[in-house]
Structure formats: C-alpha cells, structure tokens
Amino acid sequence: MGDIPGITQQLPYLRKLGVDAVWLSPFYKSPQADAGYDVADYRLVDQRFGSNEDFDHMLETAHGLGLKVIVDLVPNHTSDEHAWFQEALAAAPGSRERERYIFRPGKGENGEQEPNNWNSIFGGPAWTRTTNPDGTPGEWYLHLFDTKQPDLNWENEEVREEMRSVLRFWLDKGVDGFRVDVAHGMIKAKGLPDWEGAAAMVEGSISEGEATHESPGGSGQDLSKAPFFDQDGVHEIYRDWHQLLAEYSGDRMLVAEAWVEPAERLARYVRPDEMQQAFNFDFLLAGWDAERLAHSIDSSIEAVAAVGAPVTWVLSNHDTVRHPSRFGLKDPTTFPKGIAAEDEQPDAALGLARARAATLVEFALPGSAYVYQGEELGLPEHTTLPAEARQDPAFFRTGGAERGRDGCRVPLPWTASAPGYGFSLNGPQDGAQPWLPQPAAFADHAADVQDGVDGSTLELYRAALAFRREHSLGRGSHLWSAAHNPERGVVAFLNNGVLVLTNMSEAGIALPSGFALVLSSAPVQDGLLPSDATAYLVPEKA
Ligand code: NOJ
C-alpha cells in the first residue's frame, strides 16, 4: 500500500516535478473500509504506513526541500472502530456517548424501518440498526457512506471541540494545511426530512455532476438541495477553523472537497473568512468539449472573483476515472463510475493526447492546480480489474453496478523492470504484491522510462510546471484571445502575455503569427497545431 518512509524517499521526485505541496490521503489508524476515509484514531499514523515519528521525519524532509504538506481531515464521519463509536454502542439511547453520532429510533411499530429514506452515497440505505446488549434490535445510526463510517453529530459542541483539537494536533506538528473531506456534508437539515432525490443518488458527489451535465445515468435532480449537502450551517465551522489556523505562524490553509453547484454556491466556501481553496469539480466534469470547457472556465473564474479567491483546478483524483481514460471514450464528456472489462474500453492513445492537452490548459489558468499521483506519467485507469481485486465499498454496496474507484488507485509504476514496477520496496525480496494489481500497460508509463525522454508525459509536466512558475501563471489573469472559438473547437486565452491555444477540432490549426512556440502537448508540424493538442506561445521579440 506504500508507506510514509516511501513518501519521504520520493519527495525529491516531487520537487523535481515542480509542485509546491503534497496532499496525502488519510494515513491514520483505520480498518481501511474506505481506503482510510474511515478513521479510528485521528492522531495516530496507521501501523501499516509507519509511525508518527516517520510522519515527523517526512514533514521535516518535505519542508527542507521547500515542499508544503497538506493532510486529509475526515470530519463528517469516523470509523465504527473509533473509540467514540464503540462507547456509543455500549451506552444507552439518549446518552452523551450516543449524542456524538446521529442515532434515531426506527419507524414502524417495532422500530423496524429506517428513520428516514436517505440512501448511502455508496448505495443501499444510509441507516444501520444496532443491537442492544441483550441481543434485541436497538436504534439506528446514520452513515452517508459505508456502514463502517457513522456520521458525527456536528450539532454537538463536544464533536466541534474534538475536531478543533485534531486540527491543532497536526498544526502543532507543522502541517501546512488540510484537505477537508465531504466539506459540504457535516450539517444535516433539521429534522432529517425525507428526500426523494436520495433514491437516485449512488455516488452523491458524482451524481451531482451528472445532474449538472445531464450525462447518461444522471439523476437529473438538483442534488444541491439534498438535506445532507451544502447546508448553510457548514460555513460556521469553516469560519471557526479559519480563525484557529490564523493563530498559527506561516501560511496554513484549508481546501474543501465540496461537490456543490452552481459555482456561486462553491464560492461561498472560499469567502475571505472561510477556506482558502475549494476543488472546482465543474472543470473536471466538463470533459473534452470546447464549449463546456470554455463555459466552465468563465463561470468558475467569475464566481470566485466575487469573493476574492483563486480557482482550484483539478482534472483527476482518487474518486474519478483518470482523465486520459475518460477522454478516450466515444463520448469524452461522460463520467462513468469506474470501468470494468465488460464496459466500453477507452482509446488509450487518443485519451492520452487529450489529457496532455487538457493538463496544459489547467496549468496555464490563473489559480491553483492539483495533480493526482501518476497523472504526470499519463497513467490510464485500470479498466479491466477483476471483481476479486476490487476494494471500493461502492462496488459491493451496489452489487457491482458501480465499478468503483479502484481503477484510478492502482499503485504507480516507478521502474518498468522491477516487480510491482518498483512500487513495493519489499516486493523483490518477499514477493509482496501491490494492494491493487497493476495492468501490463503500466510498464510503458514507468517513471524510469520517461525520465529525461523528450516528449514524454513526465517531461511535459515538468516543463509545463516550470513554465507556469516562470511566468507566474497561477497568479495571472485570464482573457479570451481573438482566436478563441469554442463552437469550432478552438479554445484560446492569454495569461500574463502567454497565449494558450487548444485544438479540439478535427483538423490542424495554424499557429498565429507574431508568437513563438514554447511548449506543445503534441508535435507541431508545418506550423499546424494538430487536433487534440495545446500549445503555449509567447510574443516574438521585435
Ligand atoms: C470523499 C473522499 O474523497 C472519498 O474517497 C471518500 O470515500 C468519501 N469522501 C467518504 O469519506
């Protein structure tokens, strides 16, 4: 599964890649029912990943290299193996222990029905019934995700105080920030009212995107109105945390994982007294389509400008099909919940070309950008994982209807010729296998075969990130250029004097005169930028 000493060892690779910070998904003590998003102890590194001392050493090494470290905070729910939940199960209804979670009596004569009709985002009901110490059926508890992830009760001051203390624990260690999991979900509407939309929602976050873009299988409902998402009360929590972070020296930050729409609702999370960043999933969901991309750029920039925050661009993460695979589907705007062998298989070469082009757009936009591990190698999704290898609770809770997120989480290949492609340090000695099997195609993507190779995706990312830094593109501004024509598949904008030109049309397009080509995602021949490519150009010196 990888470990913290392994991260420390590869920090120089990240430094060379040209990123400023590293965000780590949860490494806390956990039974791993949802890849660590089920935390059993918020202050302890899980043994399988190392120790708290390993973390301290990693943090110190990162800081020594000029890299910041962002840790994942999971405040919406704990693991059912967290001491608090175990205490709650052992305690009586109405007790202080139960008040930390959302326990309710069931409906029906004998309390045999769920307290409301909410569904889990991973499929199935959002409620599980407890068993009393005497063996009789007891109250139900709410879990927006897996049954092993009981939701905390954020109306309870003790919960708020505990999470403040967790923030302080990691801030005291010196972490630079937190990625806040399900930042839109902690407060539920009063009375926990039934909601018909829940029945159609499988992966809440992802369905939300589908609803926005009406892609096949989408619920078509406005999921932002769900009584468990984007309630106004969440902002009080972020205003509180903002102040807490401000007590610390340096530049500490919070980034929201909040699948809310429209863009104006998302912008509320990055008001001046709340978080510093919020992932802009609208851009991720736009797919490979000039008009949708242009519209997403416009609306995202406009919405955050109103609150004085940067946009936080992202194309892939651990919950979504990797963008080289999405963009290689017949409809490159679709958003499948994982891909299996029996599903449509992406065109790998086409998808990679488009992914490289989209990444150059992302890096040239003003604001922040996040790179998902292995993206810099052009890694595709593992689209043929056998059911036996799958781990995602969403796969199991939907009876396999959702393929799940394992395909984007497969350990990345460091060296083409080593067992496990060099991922597991112990692999060659003790035969340890990576926690998810790697596809054969990963050999061609291994970091060692791309390192120093002109035109490789790794070198493209390094060059683009260096260029972004050199021209301060993250702090620049966005202006559509005269060449911009999304109806015809041309996306073109200026940022700090740099012209960014993307060709999403079927034919090559001529590079404009008066500009010199600096970098392109595909070779330019005879002055033509080919289809599915992006170029960076700078004004020619007179
Ligand atoms: C969002 C995380 O990104 C995802 O991986 C996780 O399953 C859910 N939140 C629940 O914590």
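Remember, it's a predicted structure, so these values are computed and weren't measured experimentally.

1. Structural notes on the overall build of the chain
Helix and strand content of the chain: 16 helices and 19 strands. Taking 24 Å as the expected radius of gyration for a compact globule of 542 residues, we find that the chain reaches 23 Å, a close match to that expectation. Dimensions along the principal axes, computed over C-alpha positions, put the chain at roughly 85 × 50 × 50 Å. In the chain, which comprises 542 residues, the share counted as buried stands at 57%. A sequence separation of at least 24 residues applies to 68% of the contacts in the chain between residues at least 6 apart. When the accessible surface of the chain is totalled, it reaches about 21400 Å², and 51% of it is carbon and sulfur. Averaging the coordinates of the 44 positive side-chain charges in the chain and doing the same for the 80 negative ones gives two points 3 Å apart.

2. Looking at the nonpolar core
If you look at the biggest cluster of nonpolar residues, it comprises 105 residues, and the most contacted ones within it are Phe27, Phe55, Phe178, Tyr238, Trp241 and Tyr536. Those residues in contact with Tyr536 that sit more than four places away from it in its chain are Leu360, Phe363, Ala364, Ala464, Phe467, Val498, Leu499, Val500, Ala516, Leu517, Val518 and Leu519. In this structure, Trp127, Leu142, Leu144 and Phe229 belong to the second largest nonpolar core, which totals 17 residues.

3. Here's the deal with the site of the ligand
The local shell around the ligand holds 13 residues, among which Asp34, Arg179, Asp181, His318 and Asp319 are the closest. A distance of 2.7 Å is found between an oxygen atom of the ligand and a side-chain nitrogen or oxygen belonging to His318. Interatomic distance of 2.9 Å between a side-chain N/O atom of Arg405 and an oxygen atom of the ligand. Classifying every residue of the shell around the ligand gives 4 nonpolar, 2 polar and 7 charged.

4. With respect to empty space enclosed by the protein
Throughout the structure, instances matching the rule amount to 5 cavities of 30 Å³ or more. When its volume is computed, the second largest cavity comes out at roughly 90 Å³. Lining the second largest cavity are Ala263, Leu266, Ala267, Val270, Ala278, Asn280, Ser300, Val304, Pro310, Val311 and Thr312. Mapped onto the lining of the second largest cavity, the elements with two or more residues apiece are helix H7 (263-267), strand E10 (277-280) and helix H9 (290-305). Top contributing element to the lining of the second largest cavity by residue count: H7, with 3 residues.

5. Thoughts on the sheet that holds strand E11 (residues 312-314)
Taken in spatial order, the 7 strands of this open sheet run E1-E4-E8-E9-E10-E11-E12, and their pairing is parallel. Two strands bound the open sheet, and with one partner strand each, they are strand E1 (21-24) and strand E12 (368-370). Each adjacent strand pair in this sheet contributes to an overall mean axis angle of 25°, direction not counted. Inspection of the sheet shows E1 paired to strand E4 (residues 68-73) by 4 bridges, in the parallel sense.

6. Comments concerning the packing of aromatic side chains
This structure, assessed with the given rule, holds 29 aromatic pairs. By the ring-pair criterion, three or more aromatic residues cluster together here, those being Trp23, Trp259, Phe279, Phe281 and Tyr370. Between Arg98 and the ring centre of Phe103, over which it is positioned, the NZ or CZ distance is 4.6 Å.

7. Observations concerning the sheet that holds strand E7 (residues 137-142)
The strand order across the open sheet built from 3 strands is E5-E7-E6, with neighbouring strands paired in antiparallel fashion. Unpaired on one side and paired on the other, strand E5 (103-104) and strand E6 (127-131) mark the two borders of the sheet. Examined bridge by bridge, E5 and E7 share 2 bridges and lie antiparallel to one another. Bridge pairing in E7 places Phe103 opposite Tyr141.

8. A closer look at the pattern of salt bridges
If you walk through the whole model with that rule in mind, you get 34 salt bridges. Between Glu139 and Arg98 there is a salt bridge, and its shortest N-O distance comes to 2.9 Å. Of the two residues, Glu139 sits in strand E7 while Arg98 sits in the loop between helix H3 (83-90) and E5, which places them 41 residues apart along the sequence. Neither Glu139 nor Arg98 differs from the other in exposure class; each is buried. Across the pair Arg179 and Glu257 runs a salt bridge, and its minimum N-O distance is 3.7 Å. Of this pair, Arg179 sits in strand E8 (residues 177-180) while Glu257 sits in the loop between strand E9 (253-256) and H7, and the two are 78 residues apart along the sequence. Exposure class is identical for Arg179 and Glu257. Each is buried.

9. Quick word on the packing of helix H2 (residues 52-64) against helix H4 (residues 157-173)
Where H2 meets H4, the axes come as close as 10 Å, and the angle between the chain directions of the two elements is 55°. Comparing the axis directions of H2 and H4 gives the class oblique. Mapping the contact onto sequence places Asn52, Phe55, Asp56 and Leu59 in H2 and Phe169, Trp170 and Lys173 in H4. Its residues assigned to classes, the contact of H2 with H4 shows 4 nonpolar, 1 polar and 2 charged.

10. What to know about the confidence of the model for the chain
Of all residues in the chain, 94% attain a pLDDT of 70 or more, and the chain-wide mean is 93. Note on residues 199-221: pLDDT is under 50 here. Beyond four places in sequence and across chains, it has 55 contacts.

11. Thoughts on the environment of His478
As for its placement among the helices and strands, His478 is situated in the loop between helix H16 (457-470) and strand E13 (479-480). Distance from His478 to Leu494, taken between C-alpha atoms, is 5.9 Å for residues 16 residues apart in sequence. Setting aside anything within four residues of it in sequence, one finds His478 in contact with Ile297, Asp298, Ile301, Leu365, Pro366, Phe493 and Leu494.

12. A few points about the side chain of Thr130
Within the element layout of this structure, Thr130 appears in strand E6. Among the polar contacts made by the side chain of Thr130, one reaches the main-chain carbonyl oxygen of Glu139 at a distance of 2.6 Å. Not counting residues up to four positions away in its chain, the partners in contact with Thr130 are Leu89, Arg98, Phe103, Thr136, Pro137, Gly138, Glu139 and Tyr141.

13. Here's the deal with the side chain of Asn76
Structurally, Asn76 is set in the loop between E4 and H3. With relative accessibility at 0%, the residue Asn76 sits in the buried group. Of the polar contacts made by the side chain of Asn76, one reaches the side chain of Asp151; its length is 3.1 Å. Of note is the side chain of Asn76, whose polar atom sits 3.0 Å from the side chain of Lys188. What Asn76 contacts, discounting residues up to four positions off in sequence, is Leu144, Phe145, Pro150, Asp151, Leu152, Trp154, Val182, Gly185, Met186 and Lys188.

Criteria and thresholds
The numbering scheme is per chain: residues are counted from 1 as the chain's sequence reads. Only residues with pLDDT of at least 70 get local features here, since the model is predicted, and only at 80 or more are side-chain atom pairs given and counted; chain-wide, interface and lining totals rely on the full set of residues. Calculation of side-chain values draws on the structure's entire complement of heavy atoms; hydrogens and water are dropped beforehand. Comment: elements are numbered from the N terminus, with helices defined as DSSP H or I runs of at least four residues and strands as E runs of at least two. Radius of gyration means the value over C-alpha atoms here, while the globule rule gives 2.2 Å times the residue count to the 0.38 power. Per-residue accessibility, obtained with a 1.4 Å probe over protein chains only, is compared with the maximum for each type, and a residue is labelled buried under 20%, exposed over 50%, and partly exposed between these values. We call two residues contacting when some pair of their heavy atoms lies within 4.5 Å. The Shrake-Rupley method, run with a 1.4 Å probe sphere, supplies the accessible areas, and residue values consider only the shown protein chains as cover. His residues and chain termini do not enter the charge count, which takes Lys and Arg as positive and Asp and Glu as negative. In plain terms, the charge of a residue is placed at NZ if it is Lys, CZ if Arg, CG if Asp and CD if Glu. Only buried Ala, Val, Leu, Ile, Met, Phe, Trp, Tyr and Cys residues count toward a nonpolar core, and they belong to the same one when joined by side-chain atoms within 4.5 Å. Whether a residue is near a molecule or strand depends on its heavy atoms: it is near if one of them lies within 4 Å of it. Two N or O atoms count as a polar contact when they lie within 3.5 Å, although within protein this holds only if one can serve as hydrogen donor and the other as acceptor, and sequence-adjacent residues are included solely when both atoms are side-chain atoms. Classification convention: Asp, Glu, Lys, Arg as charged; Ala, Val, Leu, Ile, Met, Phe, Trp, Tyr, Cys, Pro as nonpolar; all other residues, Gly among them, as polar. Computed over the protein atoms alone on a 1 Å grid, cavities are sets of points where a 1.4 Å probe fits but cannot get out and pockets are open sets with protein on both sides within 12 Å along at least five of seven lines; a residue lines them when it has an atom within 4 Å of a point. Grid points are joined across faces, edges and corners, and a volume is the space filled by probe spheres set on the points. Pairing between strands requires that DSSP locate at least two bridges from one strand to the other. Where helices are involved, their axes are fitted lines through C-alpha atoms of the stretch in contact, as for all axes, and angles between N-to-C directions lie from 0 to 180°. Each Phe, Tyr or Trp ring, with Trp reduced to its six-membered ring, pairs with another whose centre is within 6.5 Å; inter-plane angles below 30 degrees give stacked pairs, above 60 give edge-to-face pairs, and intermediate values give tilted ones. Counting as a charge over the ring demands two things of the Lys NZ or Arg CZ atom: a distance within 6 Å of the ring centre and an angle within 35 degrees of the ring normal. Salt bridges are identified by distance alone: a Lys or Arg side-chain nitrogen within 4 Å of an Asp or Glu carboxyl oxygen. Any angle that is under 35 degrees is reported as roughly parallel, and any over 145 degrees as roughly antiparallel; angles of 65 to 115 degrees are reported as roughly perpendicular and all others as oblique. Within a predicted model, pLDDT stands for the predictor's per-residue confidence, ranging from 0 to 100.

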